[in-house]
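Listed below, chain by chain, are the residues.
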Amino acid sequence: MAVTLLGRTLNVEVLKQPRGFMRCLQFFFAMLAFSFCAGFSSKLSFEITCHPIKNETQVVKVSQEYSYPFALDKYDPVTVTECGDLPDNTISFPGDFASDAKFFVTIGVLCWLWTIFSLLVYTFMSDVYDEEQKKYPIYDLVMAVAFAFFWLASSSAWGHGLSGLKDSGDPGNWIYEHGEHALAKICSKNAENNYVNTNIVSCETDFAGNFAGGNISVVLGFLNVFLWCSNIWFIYKETRFFGSNTGHGGMYENLD
């Protein structure tokens, strides 16, 4: 039974051609890329050991979960009250990687929507794609070049952002900082590597995050770059530019 849409019959033969098969792969891997990025989450945690009262030891665990869009500095600060009446007992979290993550997800969603539209054209409007003027293949080629570029840009940006997120996700990289802009002054150390707060025994990282989902999303982003760059050639062969170039080549060969 033939499948019809708006009076047009489904033609799956194009999906067996390189441009159709590649577009199916682009649909699938674009969906995976932005899904892994938007669905990725982790947490950071560290333990503070202190002496709130002489000869008494207290262990306080500070933990913060984070997820898309990874704006850690927008999370509410945590106040540690178990270590006594300390002047600097508020802990904030570093890093805002929202722009990189949102850029990556936006390109992924737009690419996914374009692949859906183009697959509908391929399968239900093949006569429009193959018309004599060949206008649609030119639009398709322009979009392929654009998405190849934007996948490269967004994957590079998100890869850089993920690297920063890994640094922020490891409390050992920032809880010992000392000074006006220190985010965890309760754990600050001086130049001699001693804790500024004398009733603090230690501040140790408990969990520095699991970034498997983020790493997979970056790999999938660069895989999409490869798919779109590869597809440019197959789409170019469908345009009238390719036909005119091969025609000229044949004319010169006949003259020889």
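Note: the structure precedes this text.
Residues numbered from 1 in each chain as written. Predicted model: local features only at pLDDT ≥ 70, side-chain atom pairs only at ≥ 80, totals over all residues. Heavy atoms only, no water.

Draft legend 1. Examining the packing of helix H1 (residues 18–39) against helix H5 (residues 212–236) more closely. Where H1 contacts H5, the two axes come as close as 9 Å, and the packing angle between them is 160°. Between H1 and H5, the interaxial angle falls into the category roughly antiparallel. Considering how the two elements wind past one another, H1 and H5 form a crossing that is left-handed. For the contact of H1 with H5, the residue count by class is 16 nonpolar, seven polar and two charged. (Axes fitted to C-alpha atoms, helices over the stretch in contact; angles between N-to-C directions. Helix = DSSP H or I, 4+ residues; strand = E, 2+ residues; numbered from the N terminus. Parallel < 35°, antiparallel > 145°, perpendicular 65-115°, else oblique. Left-handed = near helix turned anticlockwise from the far one by under 90°. Nonpolar A, V, L, I, M, F, W, Y, C, P; charged D, E, K, R; others polar.)

Draft legend 2. Seen up close, the nonpolar core. Counting 56 residues, the largest nonpolar core has Ile48, Phe70, Ile91, Trp151, Leu165 and Ile200 as the members making the most contacts within it. Elements supplying a minimum of two residues to this core: H1, strand S3 (41–53), strand S4 (56–67), helix H2 (98–124), helix H4 (135–169), strand S7 (200–207) and H5. For isoleucine 48, the residues in contact, after removing those within four places along its chain, are Gln58, Val59, Val60, Val62, Val80, Cys83, Ile91, Ile186, Cys187, Ile200, Ser202 and Cys203. (Core = buried A, V, L, I, M, F, W, Y, C linked by side-chain atoms within 4.5 Å. Buried < 20%, exposed > 50% of the residue type's maximum accessible area, 1.4 Å probe, protein only. Contact = heavy atoms within 4.5 Å.)

Draft legend 3. Fine view of the sheet that holds S7. Pairing is antiparallel in the open sheet, where three strands are placed in the order S4-S3-S7. Either end of the sheet is taken by a strand with one partner, and the two such strands are S4 and S7. Each neighbouring strand pair of the sheet contributes to a mean axis angle of 15°, computed without reference to strand direction. (Pairing = 2+ DSSP bridges.)

Draft legend 4. Fine view of H5. Between its first and last C-alpha, H5 extends 37 Å over 25 residues, near the 36 Å set by a 1.5 Å rise per residue. Turning to H5, its buried residues number three or more, namely Gly213, Gly214, Ser217, Val218, Leu220, Gly221, Asn224, Val225, Leu227, Trp228, Asn231 and Ile235. (Expected span 1.5 Å × (residues − 1).)

Draft legend 5. Highlighting the pairing of S3. Summarising the sheet, S3 and S4 pair through eleven bridges and their orientation is antiparallel. Residue isoleucine 53 lies in a different strand from S4, and its bridge partner there is glutamate 56. Looking at chain direction, S3 and S7 are connected through six bridges and run antiparallel. Bridge pairing in S7 links phenylalanine 46 to threonine 205.

Draft legend 6. Layout of the packing of aromatic side chains. Tallied over the entire structure, the rule returns 15 aromatic pairs. Their ring planes at 75° and their centres at 5.7 Å tell us that phenylalanine 104 and tryptophan 151 sit as a pair that is edge-to-face. A residue pair is termed long-range when its members are at least 10 positions apart, and phenylalanine 104 in helix H2 and tryptophan 151 in helix H4 qualify at 47 residues. In this pair, the class of phenylalanine 104 matches that of tryptophan 151, namely buried. (Phe/Tyr/Trp six-rings, centres within 6.5 Å; stacked < 30°, edge-to-face > 60°.)

Draft legend 7. Representation of the pattern of salt bridges in the model. Counted according to the given criterion, the structure contains five salt bridges. In this structure, aspartate 206 engages lysine 61 in a salt bridge whose closest nitrogen and oxygen atoms are separated by 3.1 Å. Taken together, the residues span a long stretch of sequence, with aspartate 206 in strand S7 and lysine 61 in strand S4 at a distance of 145 residues. Here aspartate 73 ties to lysine 74 by a salt bridge, and the two come within 3.5 Å at their closest N and O atoms. Among the residues examined, lysine 74 registers a relative accessible area of 57% and is labelled exposed. (Salt bridge = Lys/Arg side-chain N within 4 Å of Asp/Glu carboxyl O.)

Draft legend 8. Quick look at the state of the cysteines. Counted according to the given criterion, the structure contains two disulfides. The residue that forms a disulfide with cysteine 187 is cysteine 203, at a sulfur-sulfur distance of 2.1 Å. Given an S-S torsion of about -80°, the disulfide between cysteine 187 and cysteine 203 has left-handed geometry. Of the two residues, cysteine 187 is situated in the loop between H4 and S7 and cysteine 203 in strand S7; the sequence distance between them amounts to 16 residues. For cysteine 203, a relative accessible area of 0% puts it in the buried group. Taken N- to C-terminal, the disulfide-bonded cysteines of the protein chain are connected 1-2, 3-4. (Disulfide = S-S within 2.5 Å.)

Draft legend 9. Examining the side chain of asparagine 224 more closely. Position of asparagine 224 relative to the elements: it lies in helix H5. Within polar-contact distance, the side chain of asparagine 224 engages the backbone oxygen of phenylalanine 29 at 3.2 Å. Those residues in contact with asparagine 224 that lie beyond four places of it in its chain are Gln26, Phe29, Ala30, Ala33 and Trp151. (Polar contact = N/O pair within 3.5 Å; in protein donor to acceptor, adjacent residues only side chain to side chain.)

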